[in-house]
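The residues making up each chain are set out below.
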Amino acid sequence: MQQLVEKFEAYFKMSPVWGAKAPGRLEVLGNHTDYNEGFVLSCAVGQTTDFVFAPVDGTGCTVKDFRDGTEMNFDLADLDKKPPRNGSKYIIGMLNELRKRGFKVFAFKAGLESKVPLSAGMSSSAALEVACGLALTGYAGFEISKADLARAGQGVENNFLGLKTGLLDQFSSLFGEKESIIESDFRTVEVLGTHALPPGYAFAVINSMKKHTLVDSDYNVRREDCEKAAEKLAAVYPGAKTLRDISPEQLENAKNALTEREYRRAKHVVGECFRVKQAAKLLAGGDIAGFGQLLFDSHDSSRMNFENSTAELDTLIEIAKADEACLGARLSGGGFGGITIHLVKADEAAAYAERVKKEYAGQTGIEAEVFICSLGAGARGNKLPQA
Ligand code: GLA
């Protein structure tokens, strides 16, 4: 954060007053379960987005992104207008969401820096929403719970950007705990417990570098499929509100109530909720091999049932399966491209990632990005010492 403060001071010739750090996240298991009020295992990562700012008079805001050098300007009078094409849309969206909740918006100059890879499936946008939300509300003394701040970030995506995402990304960025996988319930919106990876294991993250062009609409269509399936299942099982309320056996017994596609979408979500619960037990018992197998199972289900995998993601998982060092791997996040996570021994992770990268380049001609991820702490904001 100190470096960002110095860059801010050199650029704006003034000192920032508050700052916040918000991590990206990895979805470990529990794919597309959040908006079905289901269960997820996720973690915050060591890579963060940092945001610092100083209030100014008037209504003009300036944001300097020190990652790519762009300067973005907007006016508080224009918050309701169409989102701009640059990253300030996340900040403007957050101001809108906070304002709805009673926050009095004010003008500022802000600086940001981020190590969270962009559009890869590690929630760089959620990290920015959370970092700016924490810093602005912290400074203003505006009381908002972590769960509500996460909802405000989700509101940016849902209401301002038209993407019907769930709460996972912002929630994980805020509630992540160092060295821990958090197990969350998206009905009650709470962390049920934390799980450590057995000592000596890590996640290698390998970015397929390819994304469908229609990721946003694909995502929204999957969500509609799930909601349709839940509605039909509720007619068979009164009281069932979402797919979270359906057990794998119940789904099989009511298969005929659904179209073939709805059945496969539901099978993925119901299966993922079930796998999260199984995984929690396996981790508690230190069964890393069993846990890893669930990651492979999850990917198979994405490929066959939810159809949110791609040829490139499948190639990465096939390479993983053929490598003895890998205990489990799957696509992570929304899918339709983006990243895969690979469970490996920490001291073999770098060599493993290089092997996969080489093999992937050989098979597809694509140069993958790789990261070894530590399980990082959740977001935090603080007043900055004044120079
Ligand atoms: C994206 C969304 C999340 C979640 C995942 C899939 O990351 O932003 O809300 O639905 O996809 O689990």
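The shown structure was predicted, so the numbers you read here are calculated from the model rather than taken from an experiment.

Enquirer: Lay out the overall build of the protein chain in plain terms, naming residues and giving numbers.
Expert: The number of helices and strands found in the protein chain is 11 helices and 13 strands. The C-alpha radius of gyration computed for the protein chain amounts to 21 Å, which stays within 12% of the reference 21 Å derived for 387 residues, consistent with globular compactness. For the protein chain, the C-alpha atoms occupy an extent of roughly 65 × 50 × 40 Å along the three principal directions. A total of 387 residues make up the protein chain; the buried ones form 58% of that total. For the protein chain, restricting intrachain contacts to residue pairs at least 6 apart in sequence, the fraction spanning at least 24 positions comes to 72%. Accessible surface computed for the protein chain: about 15800 Å², of which carbon and sulfur atoms make up 50%. A distance of 3 Å separates the average location of the 46 positive side-chain charges in the protein chain from that of its 52 negative side-chain charges.

Enquirer: Describe the pattern of salt bridges, naming the residues involved and giving the relevant values.
Expert: Scanning the model with the defined rule gives 28 salt bridges in all. The residue Glu183 makes a salt bridge to Lys277 at a minimum N-O spacing of 2.8 Å. Here the residue Glu183 occupies a position in strand β6 (residues 181-185), and Lys277 occupies one in helix α8 (residues 260-284), the gap between them amounting to 94 residues. For Lys277, a relative accessible area of 30% puts it in the partly exposed group. Residues Asp225 and Arg265 are paired through a salt bridge, measuring 3.2 Å at the closest nitrogen-oxygen approach. Taken together, the residues Asp225 in helix α6 (residues 215-236) and Arg265 in helix α8 connect sequence positions 40 residues apart. Across this residue pair, the class does not change: Asp225 and Arg265 are buried. Connected through shared salt-bridge partners, Asp225, Glu260, Arg261, Arg264, Arg265 and Glu307 make up one network.

Enquirer: Residue-level account of unusual backbone geometry, with values.
Expert: Located in the positive-phi region is Ser123, a residue other than glycine, with phi close to 65°. With respect to the helices, strands and loops of the structure, Ser123 is situated in the loop between β5 (108-114) and α3 (124-140). Its identity is not glycine, yet Glu307 carries a phi of approximately 50°, on the positive side. With respect to the secondary-structure elements, Glu307 resides in the loop between α9 (288-306) and α10 (311-321).

Enquirer: Summarise the nonpolar core; cite the residues concerned and give the values.
Expert: Formed by 77 residues in total, the largest nonpolar core has its most connected members in Leu26, Phe51, Phe53, Phe108, Leu197, Phe203 and Phe291. The leading source of residues in this core is α3, at 8 residues. Contact partners of Phe53, with chain neighbours within four places excluded, come to Phe8, Pro16, Val17, Trp18, Phe106, Phe108, Lys109, Ala110, Ala135, Leu136 and Tyr139. Among the nonpolar cores identified, the runner-up in size contains 19 residues, and Tyr35, Leu243, Ala254 and Val269 belong to it.

Enquirer: Tell me about the state of the cysteines, and name the residues and values.
Expert: Within this structure, the stated rule accounts for 0 disulfides. Summary of cysteine pairing: Cys373 is not part of a disulfide, and the nearest cysteine sulfur, belonging to Cys43, is at 7.2 Å.

Enquirer: Can you tell me about the sheet that holds strand β9 (residues 328-331), naming the residues and giving the values?
Expert: One open sheet holds the 4 strands; their spatial order is β9-β10-β8-β11, and the pairing between them is antiparallel. The open sheet terminates on both sides in strands that have one partner only, identified here as β9 and β11 (369-373). With strand direction ignored, the average angle separating the axes of adjacent strands in the sheet is 20°. Note: strand β8 (residues 201-211) against β11, 5 bridges, orientation antiparallel. By the bridge assignment, Ile206 is partnered in β11 with Val370. Of the strands in this sheet, β8, β10 (337-345) and β11 touch helix α11 (residues 349-364), which is tilted by about 160° from β11.

Criteria and cut-off values
Residues numbered from 1 in each chain as written. Predicted model: local features only at pLDDT ≥ 70, side-chain atom pairs only at ≥ 80, totals over all residues. Heavy atoms only, no water. Helix = DSSP H or I, 4+ residues; strand = E, 2+ residues; numbered from the N terminus. Rg over C-alpha atoms; globule rule 2.2 N^0.38 Å. Buried < 20%, exposed > 50% of the residue type's maximum accessible area, 1.4 Å probe, protein only. Contact = heavy atoms within 4.5 Å. Areas by Shrake-Rupley, 256 points an atom, 1.4 Å probe, with all protein chains shown as cover. Lys, Arg positive; Asp, Glu negative; His and termini not counted. Charge placed at Lys NZ, Arg CZ, Asp CG, Glu CD. Salt bridge = Lys/Arg side-chain N within 4 Å of Asp/Glu carboxyl O. Core = buried A, V, L, I, M, F, W, Y, C linked by side-chain atoms within 4.5 Å. Disulfide = S-S within 2.5 Å. Pairing = 2+ DSSP bridges. Axes fitted to C-alpha atoms, helices over the stretch in contact; angles between N-to-C directions.

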